[in-house]
Amino acid sequence: MKKLTIATRKSPLALAQTNMVAARLHEVLGVEIELLTLVTTGDKQKAWSLETKGGKGLFTKELEEALLNGDADVAVHSAKDLPGDQPAGLKIAGYLPRADPRDVLVVRQGIEEPRTIATSSPRRRLQLGMKYPHAEFTEIRGNVDTRLRKIGQDGVADATVLAAAGLQRLGIGSWPGVEFRVLGFEVMVPAVAQAAIAIQSRLEIDFDSAELFDRDTAVAVELERAFQTKLEGGCQTALGVHVGRDTLWFFHEQIGLRSFPLSADEQFTPVETASNMLSRLGFYNL
Ligand SMILES: NCc1[nH]cc(CCC(=O)O)c1CC(=O)O
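All values reported here derive from a predicted model rather than from experimental measurement.

## A few points about the sheet that holds strand β11 (residues 239-243)
No. 1: Across the sheet, three strands lie side by side as β11-β12-β13; this open sheet has antiparallel pairing. Whereas interior strands pair on both sides, the edge strands pair on one side only; in this sheet they are β11 and β13 (256-261). Each strand of the sheet is rotated relative to its neighbour by a mean of 10 degrees, with strand direction disregarded.
No. 2: The pairing of β11 with strand β12 (residues 247-252) spans five bridges and is antiparallel. The residue bridging V241 from the neighbouring strand is F250, located in β12.

Okay, structure coming up:
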């Protein structure tokens, strides 16, 4: 392999993530890298409500088509935007080391308890509703900087929620007019695969993944995904699952927030572990 073409979205966050993957592939494989930037349905339909149209697959389909028709060899995605199952012919080759998996409450300066919170995610709405029972929720769309401006400058709501990983990868440590409050897992369980960057390719492309990719991230994300796959039904179900070093954090709209001790062994048998824990939680027939 002399040259690799990487398919990417062109939002600032997507490009930052793709450049990290490009640097890694170039460093380890010594190959020349070319980027193919594509516009996905999710990028085009800026007015669509992610709440009603559904988020999954909206930001990934066009990149996957480029892999399948040979226009690109590799696609880079935020792992949390990927649907559970891979399309025929494609695989997740691996992940980059995960960044900070927590969510951050972005609050307009001077506001102690937000009364209006702009987030389209049912997972974030339900969990924040426990912390701020008087808050009303509204929708918000756009890139990270657009969202920050909507809170800090335009005042469309008192607060919003962003992934710490996104802020970190964009190098945003502060923003005029807002305060960042990192939300602990005991308040806000992150989305499945949050903060992981997935490298997708065609099945026949064989990377030496042991060196290229991060094994610990793959183990954690595969366990989180096993829960998501078993619970699938409505893809708009409010679900959060996070595999910590020795704790599994779980949030589901029917039962709320729970945490469990998690052994090292359990992490290596994701399907069994997810089944066992879900039946202990009262989810049967999955
Ligand atoms: N929902 C869109 C999306 N997909 C991935 C990230 C952030 C980066 C990540 O979790 O890897 C974001 C933005 C956000 O939720 O704040």
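## What about the sheet that holds strand β6 (residues 116-118)?
No. 1: With mixed pairing, five strands are arranged side by side in an open sheet as β7-β6-β8-β5-β9. Each edge of the open sheet is held by one strand with a lone partner, namely β7 (136-138) and β9 (178-183). When strand polarity is set aside, the average angle formed by the axes of neighbouring strands in this sheet is 30 degrees.
No. 2: Of the strands in this sheet, β5 (103-108), β6, β8 (159-163) and β9 touch helix α6 (residues 144-152), which is tilted by about 155 degrees from β8.

## Quick word on the domain arrangement of the protein chain
No. 1: The domains assigned to the protein chain are domain 1 (1-98 + 193-212), domain 2 (103-183) and domain 3 (214-286).
No. 2: For domain 2 versus domain 3, the distance between C-alpha centres works out to 26 Å.
No. 3: Between domain 2 and domain 3, the contact holds four residues from the first and seven residues from the second.
No. 4: Tallied by class, the residues present in the side of domain 2 that touches domain 3 amount to two nonpolar, one polar and one charged.

## Let's talk about the site of the ligand
No. 1: Near the ligand the following residues occur: S78, K80, D81, L162, A163, A165, G166, Q194 and A195.
No. 2: Only β8 and α7 (164-169) provide two or more residues apiece to the shell around the ligand.
No. 3: Class assignment for the residues of the shell around the ligand results in four nonpolar, three polar and two charged.
No. 4: Formed jointly, the shell around the ligand draws a minimum of three residues from each of two domains, domain 1 (1-98 + 193-212) and domain 2 (103-183).

## Some remarks on the packing of helix α9 (residues 215-231) against helix α11 (residues 270-280)
Packed helices, taken two at a time, are described by the angle their axes make and the gap between the axes.
No. 1: Two elements in contact, α9 and α11, have axes separated by 8 Å at closest approach and are oriented at 55 degrees. It follows that α9 is oblique to α11 by the angle criterion. As for the relative orientation of α9 and α11, their crossing is right-handed in sense. Along the contact surface, α9 presents E222, L223, A226, F227 and K230, while α11 presents P270, V271, T273, A274, S275 and L278.
No. 2: Residues of the contact of α9 with α11, tallied by class, amount to seven nonpolar, two polar and two charged.

## Quick notes on the confidence of the model for the protein chain
No. 1: Per-residue confidence for the protein chain gives a mean pLDDT of 93, with 94% of residues at or over 70.
No. 2: Among the prediction metrics, the complex's ipTM stands at 0.92, with pTM recorded as 0.93.

## Considering the environment of W249
No. 1: Considering the arrangement of structural elements, one finds W249 in strand β12.
No. 2: Separated by ten residues in sequence, W249 and S259 place their C-alpha atoms 4.5 Å apart.
No. 3: If we ignore the near neighbours within four places in the chain, the residues touching W249 are F185, V189, H242, G244 and S259.

Parameters and conventions
Residues numbered from 1 in each chain as written. Predicted model: local features only at pLDDT ≥ 70, side-chain atom pairs only at ≥ 80, totals over all residues. Pairing = 2+ DSSP bridges. Helix = DSSP H or I, 4+ residues; strand = E, 2+ residues; numbered from the N terminus. Axes fitted to C-alpha atoms, helices over the stretch in contact; angles between N-to-C directions. Contact = placed C-beta atoms within 7 Å. Domains from an automatic or database assignment. Nonpolar A, V, L, I, M, F, W, Y, C, P; charged D, E, K, R; others polar. Near = placed C-beta within 6 Å. Parallel < 35°, antiparallel > 145°, perpendicular 65-115°, else oblique. Left-handed = near helix turned anticlockwise from the far one by under 90°. pLDDT = per-residue confidence, 0-100.

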